[in-house]
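# Descriptive structure summary
What follows is each chain in one-letter form.
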Amino acid sequence: EICDDLIDYPIDTLDAFAFALQDVNSKPRLSIRIKNMDILKNSMKYIRGLTSKDIGKFVSIKGVLKQISEKYVVTNMIKFECASCGNIIHKVNNDSLLPSIKKPNKCWCGSRNFREILRTNHDRQKIVLEEDYTQISSGQILRSIPVIAEEGLCSMEMENIVLLGRNITITG
């Protein structure tokens, strides 16, 4: 039942896992990683088999790593303080495609003067996964899909494991 929930409602299920992990362990910044999803036949997909029904689902895709971008930094949240009244304004990056956050326009006191007091960032890298030519019929065009890797998935350790031309499975 938990596996079905993970596949059909991944965000809610992973949030529940994270909440349970916080109750058990007080250490900050622990991440949940799901491995061996390929044992669940419902979650394994070919790139050409992905459809709009798979959006928001937890799936595994096998393919050949064709391209890896340079790492870049994405801002998660910035906390600003109004220089006039001391009001604190949190700006959160809810758009996963935007790399930065803009300053607030105006405080409720009318001031437009803000200073940044806290910023949280994480690393991001774009990779391109292409179908394995052995998995398709002759004459078919190889399909590819862009994938965004974040935080620990684009670390130095991962750079040594994930090499161009290597067959990998991506789950997410």
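Above this note sits the structure.
Below, the structure is looked at part by part.

Conventions and cut-offs
- Residues numbered from 1 in each chain as written.
- Predicted model: local features only at pLDDT ≥ 70, side-chain atom pairs only at ≥ 80, totals over all residues.
- Heavy atoms only, no water.
- Helix = DSSP H or I, 4+ residues; strand = E, 2+ residues; numbered from the N terminus.
- Buried < 20%, exposed > 50% of the residue type's maximum accessible area, 1.4 Å probe, protein only.
- Contact = heavy atoms within 4.5 Å.
- Areas by Shrake-Rupley, 256 points an atom, 1.4 Å probe, with all protein chains shown as cover.
- Pairing = 2+ DSSP bridges.
- Salt bridge = Lys/Arg side-chain N within 4 Å of Asp/Glu carboxyl O.

## Considering the overall build of the protein
- Along the backbone of the protein there are 3 helices and 7 strands.
- Here the protein holds 172 residues, and the buried ones make up 27% of them.
- If you take every contact in the protein between residues at least 6 apart in sequence, the share linking residues at least 24 apart comes to 64%.
- Of the roughly 12,200 Å² of accessible surface on the protein, a fraction of 52% belongs to carbon and sulfur atoms.

## Comments concerning the pairing of strand β5 (residues 114–130)
- The sheet contact formed by strand β2 (residues 60–68) and β5 spans 4 bridges and is antiparallel. Residue pairing across strands places I68 opposite I127, the latter belonging to β5.
- In this sheet, β5 lies alongside strand β3 (residues 72–82) in antiparallel orientation, the contact comprising 10 bridges. From the neighbouring strand, V73 faces β5, where its bridge partner is D123.
- Where β5 lies against strand β6 (residues 144–150), 7 bridges are found, and the strand directions are antiparallel. Residue R124 lies in a different strand from β6, and its bridge partner there is E150.

## Here's the deal with the pattern of salt bridges
- A complete count under the given rule lists 3 salt bridges for this structure.
- Its salt-bridge partner being K66, residue E130 comes within 3.9 Å of it at the nearest N-O pair. Within this pair, whereas E130 is found in strand β5, its partner K66 is found in strand β2, the two being separated by 64 residues in sequence.
- Across the pair R115 and E81 runs a salt bridge whose closest N-O atoms are separated by 2.8 Å.

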